[in-house]
Amino acid sequence: MQENRSAYRIRDLAPTERPREKLVKYGPEKLDDDELIAILIRVGVRGENAVEVGHRLLEHFNGLKGLYEAHFEDLSKQRGIGMVKAIQIKAAIELGRRLSSESDKSRPTIQSPADAARLVMYEMSNLPQENLWVLNLDTRNQLLNVEKLYKGSLNSSRVRVGEVFRAAIHKNAAGILLIHNHPAGDPSPSPEDVTLTRAVVNAGKLLDIDVL
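Residues numbered from 1 in each chain as written. Predicted model: local features only at pLDDT ≥ 70, side-chain atom pairs only at ≥ 80, totals over all residues. Heavy atoms only, no water.

Trainee: Just checking my understanding: could you explain the packing of aromatic side chains for this structure?
Mentor: For any pair of aromatic rings, the description rests on two quantities: the centre-to-centre distance and the angle between the ring planes. By the definition in use, this model includes zero aromatic pairs. We note Lys148 situated over the ring of Trp133; from NZ or CZ to the ring centre the distance is 4.7 Å. (Phe/Tyr/Trp six-rings, centres within 6.5 Å; stacked < 30°, edge-to-face > 60°. Lys NZ or Arg CZ within 6 Å of the ring centre and 35° of its normal.)

Trainee: Would you take a moment to explain the sheet that holds strand E2 (residues 143-151) for this structure?
Mentor: What the four strands build is an open sheet, ordered E2-E1-E3-E4; its pairing is mixed. Looking at which strands have only one partner, the edges of the open sheet turn out to be E2 and strand E4 (210-211). Where strand E1 (residues 131-137) lies against E2, seven bridges are found, and the strand directions are antiparallel. Each residue of the ladder has a partner; that of Asn136, found in E2, is Asn145. (Pairing = 2+ DSSP bridges. Helix = DSSP H or I, 4+ residues; strand = E, 2+ residues; numbered from the N terminus.)

Trainee: What exactly am I supposed to notice about the layout of surface pockets here?
Mentor: As a volume, the second largest pocket reaches approximately 910 Å³. Those elements that provide at least two residues to the lining of the second largest pocket are helix H8 (113-124), E1, strand E3 (175-180) and helix H10 (191-207). Top contributing element to the lining of the second largest pocket by residue count: H8, with six residues. A class-by-class count of the residues in the lining of the second largest pocket yields 22 nonpolar, nine polar and two charged. (1 Å grid on protein atoms, 1.4 Å probe; cavity = no way out; pocket = protein on both sides within 12 Å on 5 of 7 lines; lining within 4 Å. Points joined across faces, edges and corners; volume = space filled by probe spheres on them. Nonpolar A, V, L, I, M, F, W, Y, C, P; charged D, E, K, R; others polar.)

Trainee: What am I meant to see in the nonpolar core here?
Mentor: Nonpolar side chains tend toward joint burial in soluble globular proteins. Judged by nonpolar contacts, the single largest core of 15 residues is most densely connected at Ile37, Ile41, Leu57, Leu67, Leu75, Ile81 and Ile89. Secondary structure elements with two or more residues in this core: helix H3 (33-41), helix H4 (50-60) and helix H7 (82-100). Ranked by residue count, the leading element in this core is H4, at five residues. If sequence neighbours within four positions are ignored, Ile41 has contacts with Ala50, Val53, Gly54, Ile81, Lys85 and Ile89. (Core = buried A, V, L, I, M, F, W, Y, C linked by side-chain atoms within 4.5 Å. Buried < 20%, exposed > 50% of the residue type's maximum accessible area, 1.4 Å probe, protein only. Contact = heavy atoms within 4.5 Å.)

Trainee: What should I look at first to understand H8 in this one?
Mentor: Note that an α-helix has 3.6 residues per turn; residues three or four places apart therefore point the same way. The complete set of buried residues in H8 reads Asp115, Ala116, Val120 and Met124. Taken end-on, H8 shows its buried residues confined to a sector of 145 degrees, consistent with a single buried face. Summarising the geometry of H8, the exposed residues directed more than 90 degrees from the buried face are Arg118 and Tyr122. Contacts made by the buried residues of H8 are with E1 and E3. (Arc of directions from axis to C-beta.)

Trainee: Honestly, the environment of Pro113 in this entry has me stumped. Any pointers?
Mentor: Secondary-structure assignment places Pro113 in helix H8. Given the relative accessible area of 69%, Pro113 is considered exposed. Along the sequence, Pro113 and Leu212 sit 99 residues apart, while their C-alpha atoms lie 9.0 Å from each other.

Trainee: Just checking my understanding: could you explain the pairing of E1 for this structure?
Mentor: The side chains of a regular strand alternate between both faces of the sheet. Within E1, seven of the seven residues are buried, which leaves the element mostly enclosed by the surrounding structure. Burial along E1 is two-sided: Asn131, Trp133, Leu135 and Leu137 and Leu132, Val134 and Asn136, pointing in opposite directions, are all buried. Two successive antiparallel strands, E1 and E2, enclose a turn made up of five residues, where Asn141 displays a positive phi of approximately 65 degrees. Bridging between E1 and E3 involves six bridges; their strand directions are antiparallel. Across the sheet, the residue bridging to Leu132 is His180, located in E3.

Trainee: Help me understand the packing of H3 against H4, please; the structure alone is not making it clear to me.
Mentor: Between two packed helices, both the angle of their axes relative to each other and the distance between the axes serve to describe the pair. Relative to each other, H3 and H4 sit at 120 degrees, their axes nearing to 7 Å. Seen along the crossing, H3 lies across H4 with a hand that is right-handed. Contacts from Asp33, Asp34, Glu35, Ile37, Ala38 and Ile41 of H3 reach H4 at Ala50, Val51, Val53, Gly54, His55, Leu57 and Leu58. (Axes fitted to C-alpha atoms, helices over the stretch in contact; angles between N-to-C directions. Left-handed = near helix turned anticlockwise from the far one by under 90°.)

Structural data, given as structure tokens:
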């Protein structure tokens, strides 16, 4: 079975499953760690495509943290890596580290609906379709990230409540804000909006994540 799994190359995958194409279409946050590494190293080795090499690296070094802590020499000696690819991986991880270590001042604090509106209004006011975004916040109401979940007509049967909380759970968020636009210009909540909001609030109570 392992031989069959390793037989395909990235180019043998459907275009929508190739890491680069997935990143362009869905954004980098939708890719797994091994897929992001595959984009950095570009090509695999005999018997392993780039994604599988990335998966092997993560297993060998016990995840991204281990990859970050690994000595450059150890990383460069891994099969299919070498000096150039090790440099690319280390540089990418260092950029991520520097971003995460920037002052908390770089992350806006949201204390009111007006604060949230100012954060998204410029981009959201010109959207031609309804969108549902989730703002994930830490214990000090500082923004962790923005998840752009749904596009098009929204109703409680289409929106999966579990999907609303997925990033919040992953990022250990203390609270979330739901952001939803009405392209027609009337901000009054529809009955579907109210039903969905109630479902999300109830789920948040079970998950101990405040729906602010």
